[in-house]
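A structural walkthrough
This is what each chain is made of:
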Number of protein chains: 4
Amino acid sequence: MADLLGVAVLGAGHMGADHIRRLDRVVSGARVAAVADPDAARAREAVAGIGTATVHTDAQAALEAPGVEAVLIASPGPAHEEALLAAFARGLPVLCEKPLTPDPAGALRVLEAEARRGRRLAQIGFMRRYDAEYRGLKALLDDGRLGRPLMLHCMHRNVSSPPDFTSAMLIDSSVSHEIDAARWLLGQELTAVTVLRPRVSSGAPQGLQDPQFVVFETEGGALVDVEIFVNCGFGYQVRCEAVCEAGSARIGDDHGMLVTARGAAWADVPQDYLVRFADAYDREVQAWVDATRRGEVTGPTVWDGYAASVVADAGVRALESGTRTAVELAPRPDLYARTGR
Amino acid sequence: MADLLGVAVLGAGHMGADHIRRLDRVVSGARVAAVADPDAARAREAVAGIGTATVHTDAQAALEAPGVEAVLIASPGPAHEEALLAAFARGLPVLCEKPLTPDPAGALRVLEAEARRGRRLAQIGFMRRYDAEYRGLKALLDDGRLGRPLMLHCMHRNVSSPPDFTSAMLIDSSVSHEIDAARWLLGQELTAVTVLRPRVSSGAPQGLQDPQFVVFETEGGALVDVEIFVNCGFGYQVRCEAVCEAGSARIGDDHGMLVTARGAAWADVPQDYLVRFADAYDREVQAWVDATRRGEVTGPTVWDGYAASVVADAGVRALESGTRTAVELAPRPDLYARTGR
Amino acid sequence: MADLLGVAVLGAGHMGADHIRRLDRVVSGARVAAVADPDAARAREAVAGIGTATVHTDAQAALEAPGVEAVLIASPGPAHEEALLAAFARGLPVLCEKPLTPDPAGALRVLEAEARRGRRLAQIGFMRRYDAEYRGLKALLDDGRLGRPLMLHCMHRNVSSPPDFTSAMLIDSSVSHEIDAARWLLGQELTAVTVLRPRVSSGAPQGLQDPQFVVFETEGGALVDVEIFVNCGFGYQVRCEAVCEAGSARIGDDHGMLVTARGAAWADVPQDYLVRFADAYDREVQAWVDATRRGEVTGPTVWDGYAASVVADAGVRALESGTRTAVELAPRPDLYARTGR
Amino acid sequence: MADLLGVAVLGAGHMGADHIRRLDRVVSGARVAAVADPDAARAREAVAGIGTATVHTDAQAALEAPGVEAVLIASPGPAHEEALLAAFARGLPVLCEKPLTPDPAGALRVLEAEARRGRRLAQIGFMRRYDAEYRGLKALLDDGRLGRPLMLHCMHRNVSSPPDFTSAMLIDSSVSHEIDAARWLLGQELTAVTVLRPRVSSGAPQGLQDPQFVVFETEGGALVDVEIFVNCGFGYQVRCEAVCEAGSARIGDDHGMLVTARGAAWADVPQDYLVRFADAYDREVQAWVDATRRGEVTGPTVWDGYAASVVADAGVRALESGTRTAVELAPRPDLYARTGR
């Protein structure tokens, strides 16, 4: 089976290990050829039982390992830029988990590096674009039946936040999903952001501004509001309602089995994004493997990763300043010219 | 206000007291002129604070009381026939709670008495016909958009049954609502009935066949299946799905406020039919008062009460015999000729 | 029936005529004693068939008509102040349709007049407080199970706006319902307001800023966001989700009958607030009649009407200025001291 | 990648081609080693681009092809018995699409052949057992929180039936899914069946009894009713409500995106079982590949296939006779002893 795509996975933590499992046991057409993690024991554990994978503590070594034809970057954000540039230097296709880089400056350097090569190599890991409900909403907005979109109302709730989660991370780690989803759904760049501070929940760790209410403006005049609440305690919920000139559409109410007992009718709410978006992750990686084997690069671009980084950065500044903050994007290279709509 | 309709209420139990409250404090255009109950104390308690109402232990005396222009019968079923005939004899309009009478023979006698008079005096208390959801379903079926109805799937669940409830009463007291609703929704008579016995719930009192699964056939070839479960423990639920040639429509899923907490999304389920059908009872009595003041009789007819009695009786025999049992109706007097559809 | 409450109805337009019908034919315990409207023909038409009602072109004359014991004000907003003061002067209980007055200054004069008398006479017509779903949400928030409220997400959509509707009226006529609902649900005053301007719908009349997105802050630190969209074209929708520390609760999704046909499952959406809130209006007027007959005044106070007026006025200024605008309330008279929570 | 499981696929029609695509491009750990179809052109088309697959017109030849380690049977039902016996003779693990065989006698011969070998080789393609909602319902019933199950209400609707679909096929082709699902969900054998005939839809082809209403009894006394309607015109719908002693649970209402426009709120209904159960098929084949590579056989057994065949056969006879028909199963070999509950 010489045509199984040999993938080097960088990072063997929570996300990396899940992608290794996925490449090995869920998606077709790929194999794990190499894994790199500074913690060699963790890397070895992640590939236990995968005879074909070599283990490395150095990302560069993994890229040079035999049989590596593509790279999946699941290392911490600060390691992304170097890994992306190394992959570009070797002409290797990349699937890079979000964020592209932790800061807009690094994202811009990656963007310029890819643009200089003149063709796309990287797909960014905005997996919501592969979720069935989001795709349905995108298709509905694109076909024009509901008229032009005027507002997106978004909710993003987690049961609890990881240790050391900061108020800024509600925006640049959590809301970054809504930033990409809004840009993609609307086909518009975000131009300004305001962050409002509701009363802090007594369920939030000391010092964390949780929840927050974030309002984005778009180049087309639409408003995107986002409730982000990462210690809501009751479930993982991602909802989005698009309000258009001739109708509205809402996703994320999907509750599955309805149980009636003891005086109430209820449905379970997922507790974890890996449950809610499991299929989206599977489809995302399968789509990347399929495109790579065809010699193509599809999906979210480095420009998308760069734009998300700039908007998130403006959001963090808006949180701190309490004022409306404009979003300033670099000129868009031809490589990322808009298509369609 | 000489034009307030003076009503004699027969029976001051649970249902009678509720109708007295309704006539006095909810609907407009009526007043309680007299109340009769063998238990005089109960009757006096039910009209406490209503200065205009006289109290009687004898139904006949209440009908003869000053100012009585109409009768609402809420006494136990065995007292209905005599009360109806007495009201007919005086030409008084009647709203008679279901059942019309406990047995088909009595119902037939009432039917013949009204038919002999040549005009309608009685409205039967099938209040579901005044429920907003049922009315919506009826309107949808009547307008023909979904094509001809093929099946009705009905569920009727109570939290628990009253003491002394018998297996037969699941049919002639509870399913009697579905019997009328099916006849009304479909505009067809029921022609046969089969009663199936699922495993008995451990929550049912000793000796009660609960739940039951009842299947009716109609003159138009439709099937009507009814789950009746009077000790379900979890809530009062009435649902109905009509399956037609070109679509289906379901009522009774209406849950109101959706709460999300502790890993689930839920909505409260009503525990009692007086909650679920409160508005229907109000509208039923208001409609009766309004029509009576106009000199008209509308709503479910004595024929509807008679037919329900015959079908329920056949259902009880089907329960006991375990076989399909045909429904035999007397000829339909001209007074109750079909109209519409 | 000397104890039927004699009501003078001021105004016989759309709302006034509906209240006349309600007093005459829906609620119990009241009668229409007098009607006033500058258009005498309209007044006469509204009371056609109600023999007991006298007709006037002057509000003052109606208050002095024989048998008038209470007043229902349904005239245009600019006429409210004079009518309220006249009713107060006669000691007549009043149910005053919203708005209390068109401007905060007038509302303050009414407030001071009632406070000087030292007891409540007026109930303000915020009918959502009588809607079953709103009452359920209020009860849930009050019982504390979900913890303290952090955010209210509100939507208020109309199919189309009346002629001559202005951008300011989206706030002081439409959002005024959410202003009262938020104050009541949270038991908190609103302290600031910001109005954001999404892209204008092509379905809105020329010059109207529709939709708008309004964000209120409360004294307890909660945020209340309101989408107001009065030419949405697709239905009348009022939704409210309360997000609390330990859970969320949403009302307004109630769709009734679910129909499946032609590849979709759907439910009708009401087109009109009189349909959606019909029961709330009935319960509101019945509650007012009942309380008045008991010699009590309950329901929304003049303070509630005044506060709504001040907040709406701040909202209109926020719309015009594009900035966050603080809400400044006069001191709260003892007559309107907070109770409960 | 010597460890990719080499699969021979028998049948390259609609279902076979879909499984070939699935083995090649969706699930991991398998490859298509051989394909057999009497129509060689169709077989070649189905494996276009899969260099490793040999093409055969004879099933036996495909089993003997190099690299074949397992068999997926997707040929027409009449070919199943011979293919299963041939696979058993070679000791090859099999995933056999439903039905096991078209008739109980053939199913019994397959059962005896596998039982004689003393170990399981075959998994039957009842894919609903791999659907997330069905699995959730199964888990809920198994954990006992709702008490013992008393009734299952099932609906199974197709937009339209294929040409040449017969009244018997509504039961042995369509309801066979509910037969297996009921046996699996309840952990009970079905002991009798009655088939009722509602009015025939004008949308059904001439001569077809569509819809039908099928009622099964179980060894534990539960009732299972199934509406089967294969020309409903409006969508593909599979619903199941389990009614237990202490609560009920319903699956299949899952509508995804809710759109509001033009006076209604609606959600699309899938038109095809391949859409509704796409994930179930993926999970089923992945589970089979994974288990086979571990040297295990899991999932629905030949006994399950045999029992479904016997029950379906009784159902067809019940349809024809119009009476309750008992289900007679052969003794259960030790190989298929019940486990769990």
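All of these numbers come straight from a predicted model, not from anything done at the bench.

Observations concerning the overall build of chain A
- Assigned secondary structure in chain A consists of ten helices and 15 strands.
- The C-alpha radius of gyration computed for chain A amounts to 20 Å, which stays within 12% of the reference 20 Å derived for 341 residues, consistent with globular compactness.
- Seen along its three principal axes, the alpha-carbon backbone of chain A occupies a region of about 55 × 55 × 45 Å.
- In chain A, which comprises 341 residues, the proportion classed as buried is 62%.
- Contacts in chain A between residues at least 24 apart in sequence constitute 72% of all its contacts with a sequence separation of at least 6.
- In the structure as shown, chain A presents an accessible area of about 12200 Å², 51% of it carried by carbon and sulfur atoms.
- Each charge class in chain A can be summarised by its mean position, and for the 35 positive and 45 negative side chains these summaries are 2 Å apart.

Some words on the pairing of strand 8 (residues 190–196) of chain C
Residue and element names in this part refer to chain C.
- Where burial is concerned, most of strand 8 is hidden: six out of the seven residues are buried.
- With two bridges connecting them, strand 8 and strand 15 (residues 325–326) associate as antiparallel partners. For alanine 192, the partnering residue across the bridge sits in strand 15 and is alanine 326.

Side note on the UniProt feature "domain: Gfo/Idh/MocA-like oxidoreductase N-terminal" (unreviewed entry) in chain A
- With numbering aligned to this structure, UniProt lists the feature "domain: Gfo/Idh/MocA-like oxidoreductase N-terminal" (unreviewed entry) at residues 6–121 of chain A.
- Across residues 6–121 of chain A, the secondary structure splits into 42% helix and 20% strand, with the terminal C-alpha atoms separated by 16 Å.

Re the relation of the copies chain B and chain D
- It takes a turn of 180° to lay chain B on chain D, together with a shift of 0.0 Å along the axis; the resulting RMSD is 0.1 Å. Such values leave the two copies arranged in the relation of a two-fold axis.
- A high fraction, 100%, of the interface residues of chain B reappear at the interface in chain D, so the copies pair face to face through one surface.

Describing the interface of chain B and chain D
- Taken together, the contact between chain B and chain D spans 36 residues of the former and 36 residues of the latter.
- Between chain B and chain D, roughly 2900 Å² of surface is buried when both sides are summed, and carbon and sulfur atoms account for 56% of that area.
- Interface area lost by chain B to chain D is led by Leu150(B), Arg199(B) and Glu245(B), which between them contribute 22%.
- The interface formed by chain B and chain D holds six salt bridges in total.
- Put simply, Arg250(B) and Asp253(D) hold a salt bridge, and the shortest N to O gap is 3.2 Å.

Re the pattern of salt bridges
- Within this structure, the stated rule accounts for 110 salt bridges over all chains.
- The salt bridge involving Glu241(A) is made with Arg157(C); its shortest N-O contact spans 3.2 Å. Pair noted here: Glu241(A) is in strand 11 (residues 237–244) and Arg157(C) is in strand 7 (residues 149–157), and the two residues belong to different chains.
- Salt bridges linked by common partners bring Arg157(A), Glu227(A), Arg239(A), Glu241(A), Arg250(A), Asp253(A), Arg157(C), Glu227(C), Arg239(C), Glu241(C), Arg250(C) and Asp253(C) together as one network.

A word on the sheet that holds strand 3 (residues 54–56) of chain C
All names here are of chain C.
- Taking strand neighbours across the sheet as the criterion, the six strands line up as 3-2-1-4-5-6 in an open arrangement whose pairing is parallel. Either end of the sheet is taken by a strand with one partner, and the two such strands are strand 3 and strand 6 (122–125). Ignoring which end each strand starts from, the neighbouring axes of this sheet average 25° apart.
- Of the pairings in the sheet, the one linking strand 5 (residues 94–97) to strand 6 comprises four bridges and is parallel in character. Each residue of the ladder has a partner; that of cysteine 96, found in strand 6, is isoleucine 124.

Comments concerning the nonpolar core
- Phe216(C) and Phe216(D) are the most contacted members of the largest nonpolar core, which has 179 residues in total.
- Dropping the residues within four chain positions of it, Phe216(D) is found in contact with Val175(D), Ile179(D), Leu190(D), Ala192(D), Val193(D), Ala222(D), Leu223(D), Val224(D), Val226(D) and Val311(D).
- Formed by 175 residues, the second largest nonpolar core is a distinct cluster that contains Val68(A), Leu121(A), Ala86(B) and Ala264(D).

Brief notes about the packing of aromatic side chains
- Enumeration over the complete set of coordinates arrives at ten aromatic pairs over all chains.
- With a centroid separation of 6.3 Å and 10° between ring planes, the pair formed by Phe213(A) and Phe213(C) is classed as stacked. Placement of the pair is Phe213(A) in strand 9 (residues 212–218) and Phe213(C) in strand 9 (residues 212–218), with the two residues belonging to separate chains.
- Among the residues examined, Phe213(C) registers a relative accessible area of 1% and is labelled buried.
- Considering the side-chain rings of Tyr236(A) and Phe277(A), the 6.3 Å spacing of their centres and the 80° angle between planes classify their relative orientation as edge-to-face.

Focus: the interface of chain B and chain A
- On the side of chain A, 15 residues touch chain B, which itself brings 15 residues to the contact.
- Of the roughly 1000 Å² buried between chain B and chain A on both sides combined, carbon and sulfur atoms contribute 58%.
- Where chain B packs against chain A, one counts zero salt bridges.
- Connecting chain B to chain A are two residue pairs in polar contact (both at pLDDT 80 or more).
- Elements with a minimum of two residues in the side of chain B that touches chain A: strand 13 (258–261) and strand 14 (264–268) of chain B.

Description of the domain arrangement of chain A
All names here are of chain A.
- Examined at the domain level, chain A breaks down into domain 1 (5–128 + 280–301) and domain 2 (133–273 + 305–336).
- Distance from the C-alpha centre of domain 1 to the C-alpha centre of domain 2: 26 Å.
- Tallying the contact residues gives 21 residues for domain 1 and 21 residues for domain 2.
- Between domain 1 and domain 2, a total of about 1800 Å² is buried, with carbon and sulfur atoms accounting for 66% of that surface.
- Linking domain 1 with domain 2 are one salt bridge.
- Salt-bridge contacts for arginine 128 lead to glutamate 178; the nearest nitrogen and oxygen are separated by 2.8 Å.
- Joining domain 1 to domain 2, the criterion identifies eight residue pairs in polar contact (both at pLDDT 80 or more).
- For the side of domain 1 that touches domain 2, the secondary-structure elements that each account for two or more residues are helix 1 (14–25) and helix 5 (104–117).
- Element by element, the count of residues in the side of domain 1 that touches domain 2 is highest for helix 5, at six residues.
- In the side of domain 1 that touches domain 2, the residues fall into eleven nonpolar, four polar and six charged.

Some thoughts on unusual backbone geometry
- The omega torsion of the bond from Lys98(A) to Pro99(A) falls at -5°, within 30 degrees of zero and hence cis.
- Mapped onto the fold, Pro99(A) is located in the loop between strand 5 (94–97) and helix 5.
- With a phi angle near 70°, Asp164(B) is a residue other than glycine that sits in the positive phi range.
- Positionally, Asp164(B) belongs in the loop between strand 7 (149–157) and helix 7 (167–186).
- Here Asp164(B) falls in the exposed class, since its relative accessible area comes to 72%.

Considerations on helix 5 (residues 104–117) of chain D
All names here are of chain D.
- Helix length check: helix 5, at 14 residues, gives a terminal C-alpha distance of 20 Å against a target of 20 Å (1.5 Å per residue), a fit within 8%.
- Every buried residue of helix 5 is accounted for by Pro104, Gly106, Ala107, Val110, Leu111, Ala113 and Glu114.
- On its buried face, helix 5 is in contact with helix 4 (80–89), strand 6 (122–125) and helix 10 (302–321).
- One or two residues past the end of helix 5 sits glycine 118, with phi positive at roughly 85°.

Quick word on the relation of the copies chain B and chain A
- Least-squares fitting of chain B to chain A yields an RMSD of 0.0 Å, with the transformation described by 0.0 Å of translation along the axis and a rotation of 180°.
- Interface residue correspondence from chain B to chain A reaches 100%, placing this contact among same-surface, isologous pairings.

With respect to the side chain of Glu189(C)
Residues and elements named next belong to chain C.
- With respect to the helices and strands, the residue glutamate 189 is situated in the loop between helix 7 (167–186) and strand 8.
- The class for glutamate 189 is buried, based on a relative accessible area of 8%.
- In terms of polar contacts, glutamate 189 uses its side chain to reach the side chain of arginine 183, at 2.9 Å.
- What glutamate 189 contacts, discounting residues up to four positions off in sequence, is Arg183, Glu217, Thr218, Glu219, Trp303, Ala307, Leu329, Arg332 and Arg338.

Parameters at a glance
Residues numbered from 1 in each chain as written. Chains lettered and ligands numbered in written order. Predicted model: local features only at pLDDT ≥ 70, side-chain atom pairs only at ≥ 80, totals over all residues. Heavy atoms only, no water. Helix = DSSP H or I, 4+ residues; strand = E, 2+ residues; numbered from the N terminus. Rg over C-alpha atoms; globule rule 2.2 N^0.38 Å. Buried < 20%, exposed > 50% of the residue type's maximum accessible area, 1.4 Å probe, protein only. Contact = heavy atoms within 4.5 Å. Areas by Shrake-Rupley, 256 points an atom, 1.4 Å probe, with all protein chains shown as cover. Lys, Arg positive; Asp, Glu negative; His and termini not counted. Charge placed at Lys NZ, Arg CZ, Asp CG, Glu CD. Pairing = 2+ DSSP bridges. UniProt positions renumbered as here; feature names shortened; annotations may be inferred. Least-squares fit on C-alpha atoms with pLDDT ≥ 70 in both. Buried area = accessible area lost by both parts, 1.4 Å probe. Salt bridge = Lys/Arg side-chain N within 4 Å of Asp/Glu carboxyl O. Axes fitted to C-alpha atoms, helices over the stretch in contact; angles between N-to-C directions. Core = buried A, V, L, I, M, F, W, Y, C linked by side-chain atoms within 4.5 Å. Phe/Tyr/Trp six-rings, centres within 6.5 Å; stacked < 30°, edge-to-face > 60°. Polar contact = N/O pair within 3.5 Å; in protein donor to acceptor, adjacent residues only side chain to side chain. Domains from an automatic or database assignment. Nonpolar A, V, L, I, M, F, W, Y, C, P; charged D, E, K, R; others polar. Expected span 1.5 Å × (residues − 1).

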